[in-house]
Amino acid sequence: MITDDKLLIEQLMNPKTQRRAFEQVVRLYSEQLYWQVRRIVLAHEDANDVLQNSLIKAWQALDTFKGDSKLITWLSRIAINESLDFLRRQKNALSTDDVDTGIANQLMADEYFDGDETEAMLHEAISRLPDVQRTVFELRYFEDMKYSDISQLLGTSEGALKASYHIAVKKITEFFKARD
C-alpha cells in the first residue's frame, strides 16, 4: 500500500499505473472524504452518492491535477464542490418550506445518525447558513482545519474565512437563542 503522496501522484500521472494508483487513492481517502461530504449533505445515502460522484469526477479530472497541492486537498475541493452542487439541486427541487424545516427531524429519523437532539438542532442551524459560511464553519468546527488549509482548499483569504466563520458562529448562536 502506497502512503507516500509523491509516489502515489507519480503513479496517478503514469497511464500504466494510473488505475491501480487511483484504487489506492479510493482506499486511502474515501472515509475522510465521506465524513466531509456527510457533514454538508447530512443524510448517509446522499453522502454515499455525492462521494461516488466526487470520486468519478476526480478520476475524470486526473489530467488537470498539477500536484501543487496535497492530493487530499484536491480531492476535498472536488468533494466539497460536489456537495454544495448537490445541496443547490436539492433546494431547487424542493419548496423553501421543505428545505427550511425538518432537518433536525430528518436526522433523528436517520438510522445512521448517532447524535442527540442538540446535535440535530446544530445541523439544522448550520443548514440555514449561506454555502460559504456553512462550508467554512464545517471545515473549521468539525474537521478542526487550520484557516491556512481552508484558504488553500477554497481559494480565498484567511481574513475572509475568519470573518465567515465568526458570522456563522453568531448566526448559529442566534438560532439557539431563538429556540429557548
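Residues numbered from 1 in each chain as written. Predicted model: local features only at pLDDT ≥ 70, side-chain atom pairs only at ≥ 80, totals over all residues. Heavy atoms only, no water.

Engineer: Is there a simple way to explain the overall build of the chain in this structure?
Structural biologist: From N to C terminus, the chain includes ten helices and zero strands. Starting at the N terminus and walking to the C terminus, you meet the elements of the chain as α-α-α-α-α-α-α-α-α-α. A total of 180 residues make up the chain; the buried ones form 42% of that total. Partitioning the contacts of the chain with sequence separation of at least 6, the portion at a separation of at least 24 is 59%. Element-wise, carbon and sulfur atoms account for 49% of the exposed surface of the chain, whose accessible area totals about 10500 Å². (Helix = DSSP H or I, 4+ residues; strand = E, 2+ residues; numbered from the N terminus. Buried < 20%, exposed > 50% of the residue type's maximum accessible area, 1.4 Å probe, protein only. Contact = heavy atoms within 4.5 Å. Areas by Shrake-Rupley, 256 points an atom, 1.4 Å probe, with all protein chains shown as cover.)

Engineer: Looking at this model, I keep getting lost on the pattern of salt bridges. Mind explaining?
Structural biologist: Taken as a whole and assessed by the stated rule, the structure comprises six salt bridges. In this structure, Glu82 and Lys57 form a salt bridge, with 2.7 Å as the shortest nitrogen-oxygen distance. Of this pair, Glu82 sits in helix H4 (residues 71-93) while Lys57 sits in helix H3 (residues 44-60); the two residues are 25 residues apart in sequence, bridging distant segments of the chain. Look at Glu82 and you get buried, because its relative accessible area is 5%. Close ionic contact of Arg88 with Asp85 constitutes a salt bridge, the shortest N to O distance being 2.7 Å. Taken together, the residues span about one helical turn, with Arg88 and Asp85 both in helix H4 at a distance of three residues. Given the relative accessible area of 29%, Asp85 is considered partly exposed. Taken together, the salt bridges that share partners define one network made up of Asp85, Arg88 and Asp131. (Salt bridge = Lys/Arg side-chain N within 4 Å of Asp/Glu carboxyl O.)

Engineer: Quick question: what am I supposed to make of unusual backbone geometry here?
Structural biologist: Where the residue is not glycine, phi is negative for most of them; where a peptide bond is considered, it is trans in most cases. If you check the backbone angles, Asp144 has positive phi at about 55° while not being a glycine. In this structure, Asp144 sits in the loop between helix H8 (131-141) and helix H9 (147-154).

Engineer: How should empty space enclosed by the protein be read in this particular structure?
Structural biologist: Here the idea is plain: a probe the size of a water molecule rolls over the atoms and shows the empty space left. On inspection of all chains with the given rule, the structure shows one cavity of 30 Å³ or more. If you add up the space inside the largest cavity, you get close to 30 Å³. Lining the largest cavity are Gln36, Arg39, Ile40, Thr135, Glu138, Leu139 and Glu143. Those elements that provide at least two residues to the lining of the largest cavity are helix H2 (18-41) and H8. Tallied by class, residues from the lining of the largest cavity come to two nonpolar, two polar and three charged. (1 Å grid on protein atoms, 1.4 Å probe; cavity = no way out; pocket = protein on both sides within 12 Å on 5 of 7 lines; lining within 4 Å. Points joined across faces, edges and corners; volume = space filled by probe spheres on them. Nonpolar A, V, L, I, M, F, W, Y, C, P; charged D, E, K, R; others polar.)

Engineer: Mind showing me how you'd approach the nonpolar core here?
Structural biologist: In summary, soluble globular proteins display a tendency toward joint burial of nonpolar side chains. Counting residues in each nonpolar core, the largest one holds 46 residues, and the members touching the most others are Val25, Leu33, Val41, Leu71, Trp74 and Leu75. Taken together, the elements giving at least two residues each to this core come down to helix H1 (5-13), H2, H3, H4, helix H7 (117-127), H8, H9 and helix H10 (158-179). Here the element with the most residues in this core is H4; it accounts for ten residues. Dropping the residues within four chain positions of it, Trp74 is found in contact with Ala58, Ala61, Leu62, Thr64, Phe65 and Ser69. (Core = buried A, V, L, I, M, F, W, Y, C linked by side-chain atoms within 4.5 Å.)

Engineer: Looking at this structure, I do not really get the packing of aromatic side chains. What am I missing?
Structural biologist: For any pair of aromatic rings, geometry is given as the distance between the ring centres together with the angle between the planes. Enumeration over the complete set of coordinates arrives at nine aromatic pairs. On the basis of an interplanar angle of 80° and a centroid distance of 6.3 Å, the ring pair of Tyr147 and Tyr165 is categorised as edge-to-face. With a gap of 18 residues between them, Tyr147 in helix H9 and Tyr165 in helix H10 connect regions that are remote in the sequence. We classify Tyr147 as buried; its relative accessible area is 12%. Tyr165 sits in the buried class, given a relative accessible area of 15%. One aromatic cluster is present, formed by Phe137, Tyr141, Phe142, Tyr147 and Tyr165 through successive ring pairs. The residue whose ring lies beneath Arg140 is Tyr147, and the NZ or CZ to ring-centre distance is 4.5 Å. (Phe/Tyr/Trp six-rings, centres within 6.5 Å; stacked < 30°, edge-to-face > 60°. Lys NZ or Arg CZ within 6 Å of the ring centre and 35° of its normal.)

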